[in-house]
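# Descriptive analysis of the structure
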Amino acid sequence: MTAPTLTKDTAAPGSTFPPGAAPAAGAGLSYQVPAAKRLPSLIRAGARTAGRGIWASGAILLFLLLWELGPIYLASASTRVFLPPLHEVLQALGSLIAKGQLQDHLAASLTRSVFGFGIAVVAAVVLGLLVAWYRSLDRFLNPLLEVFRNTAALALLPVFTLLLGIGETSKISIVAYAAFFPVLLNTIAGVRTVDPLLIRAARSLGLSNFRLFQKVILPSAVPTIFTGIRMAGTSSILVLIAAEMVGAKAGLGYLIVNAQSSFLIPDMYAGILTVSLLGLLVNYLLVAVEGHFSRWRTAVGSQSN
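In this text the structure is predicted, and so the values were computed from the model without any measurement. (Residues numbered from 1 in each chain as written. Predicted model: local features only at pLDDT ≥ 70, side-chain atom pairs only at ≥ 80, totals over all residues. Heavy atoms only, no water.)

What follows concerns unusual backbone geometry. A positive phi angle is found at Phe263, which is not glycine, with a value near 60°. By the secondary structure assignment, Phe263 is in the loop between helix 11 (252-261) and helix 12 (265-293). (Helix = DSSP H or I, 4+ residues; strand = E, 2+ residues; numbered from the N terminus.)

Time to look at a nonpolar patch on the surface. Side chains of Leu62, Leu65, Leu66, Leu69, Tyr73 and Leu74 sit close together on the surface and give an oily, nonpolar patch of about 700 Å² of accessible area. Structurally, Leu62 is set in helix 2 (residues 58-74). (Patch = residues over 30% accessible without salt bridge, like charges linked within 9 Å, V, L, I, M, F, W, Y side chains within 5 Å. Areas by Shrake-Rupley, 256 points an atom, 1.4 Å probe, with all protein chains shown as cover. Salt bridge = Lys/Arg side-chain N within 4 Å of Asp/Glu carboxyl O.)

All right, on to the nonpolar core then. Grouped together as the largest cluster of nonpolar side chains are 43 residues, with contacts concentrated most on Phe117, Ile174, Val183, Leu184 and Ile229. Of all the secondary-structure elements, those providing two or more residues to this core are helix 5 (101-133), helix 6 (135-149), helix 7 (157-164), helix 8 (168-192), helix 9 (196-204) and helix 10 (209-246). If near-sequence neighbours (up to four positions away) are discounted, Phe117 is found in contact with Val175, Ala179, Ile229, Ala232, Gly233, Ser236 and Leu286. With 19 residues, the next largest nonpolar core counts Ile237, Ile241, Val275 and Leu278 among its residues. (Core = buried A, V, L, I, M, F, W, Y, C linked by side-chain atoms within 4.5 Å. Buried < 20%, exposed > 50% of the residue type's maximum accessible area, 1.4 Å probe, protein only. Contact = heavy atoms within 4.5 Å.)

This paragraph deals with the packing of helix 6 against helix 8. Running from N to C, helix 6 and helix 8 cross one another at 145°; their axes reach a closest spacing of 12 Å. Considering the relative orientation of helix 6 and helix 8, their crossing is left-handed. For the pair formed by helix 6 and helix 8, the contact residues are Arg135, Asp138, Leu145, Phe148 and Arg149 on the first element and Tyr177, Phe181, Leu184, Leu185 and Arg192 on the second. Classifying every residue of the contact of helix 6 with helix 8 by side-chain character gives 6 nonpolar, no polar and 4 charged. (Axes fitted to C-alpha atoms, helices over the stretch in contact; angles between N-to-C directions. Left-handed = near helix turned anticlockwise from the far one by under 90°. Nonpolar A, V, L, I, M, F, W, Y, C, P; charged D, E, K, R; others polar.)

In the structure shown here, the tally under the stated rule is 5 salt bridges. Among the ionic pairs, Glu244 bridges to Arg112, the shortest N-O distance being 2.7 Å. In this pair, Glu244 sits in helix 10 while Arg112 sits in helix 5, placing the two residues 132 residues apart along the sequence. The class for Glu244 is buried, based on a relative accessible area of 1%. Between Glu146 and Arg149 there is a salt bridge whose closest N-O contact spans 2.8 Å. Of this pair, Glu146 and Arg149 both sit in helix 6, 3 residues apart, which is roughly one turn of the helix. A residue is classified by how much of its surface remains accessible, and Arg149, at 36% relative accessible area, is partly exposed. Each member of the salt-bridge network shares a partner with another, and the members are Arg112, Glu168 and Glu244.

The tally for this structure, following the rule as stated, stands at 7 aromatic pairs. Relative to Phe263, the ring of Phe82 has its centre 5.8 Å away and its plane inclined at 85°; by these criteria the two rings are edge-to-face. Taken together, the positions of Phe82 in helix 3 (residues 77-82) and Phe263 in the loop between helix 11 and helix 12 put the pair 181 residues apart, joining distant regions of the chain. An aromatic cluster of three or more residues is present, and its members are Phe160, Tyr177, Phe180 and Phe181. (Phe/Tyr/Trp six-rings, centres within 6.5 Å; stacked < 30°, edge-to-face > 60°.)

The next thing to look at is the environment of Tyr177. Looking at where Tyr177 falls in the secondary structure, it is placed in helix 8. Residue classification places Tyr177 among the buried positions, given a relative accessible area of 14%. Each C-alpha atom of the pair Tyr177 and Ala232 lies 9.7 Å from the other, and the pair is 55 residues apart in sequence. Leaving out residues up to four positions away in the same chain, Tyr177 has contacts with Phe148, Thr151, Ala153, Leu156 and Phe160.

As structure tokens, this is what we get:
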């Protein structure tokens, strides 16, 4: 007499049985982790995520803590006048926001930087594509581009001011000049690193030059171009702040230098803090835009895996 054997059928997902009850004949078996057992794992996963976030922002938190406690407990009273603790700077920042002054200065700076930055990106990408594609144009323009590339934008600020005045035109122009060369150089590098096999394949399919740039060259060069755009975004903000310090009646640079000359030290640091936050926001925005235009790379990578 042979002993009976027990078999376990494959269960349909989600089927459960009450404790002590046997499944009907032919029914499958399944097991779901009780909520009481899933809760500790969720807590551990949340704790690990929170720990990574705290560690990633630890240096910033330590810097802010030092800024708050250092002037109070480590610096002398005379030094504290020129380096107020963080809470006084935040109070000044809140006062500027409540009066509407910070919004006005921020709007003036953003308007100038957006116009100058946009002009620089369009001109640099177009010229970079042409220079990288046509070697004769590269040999003709390269010496002149190298001369201006190695000339600091702030060194030309007096020239822009003398020729274009102290109005908006000179500030937008200096921003465009500062942002132009990082985008130009990275566009040239991005086009020249495109896989020649892709270009030959596109040629064999009969693509025109315009379609070749649109479908092959630009998508392949986007990561390198956006590296230059991110560098240009930082440069444009820094140069604009310096230009506004020289001759302006509004803007974050004007706010900082006017607060310094009026001995409103917390307001000065509030303006500097606003510039830092603005640069950080611009960088994250450009990273998001780069991710949008580079989605095809992510899709190809996931398919290959």
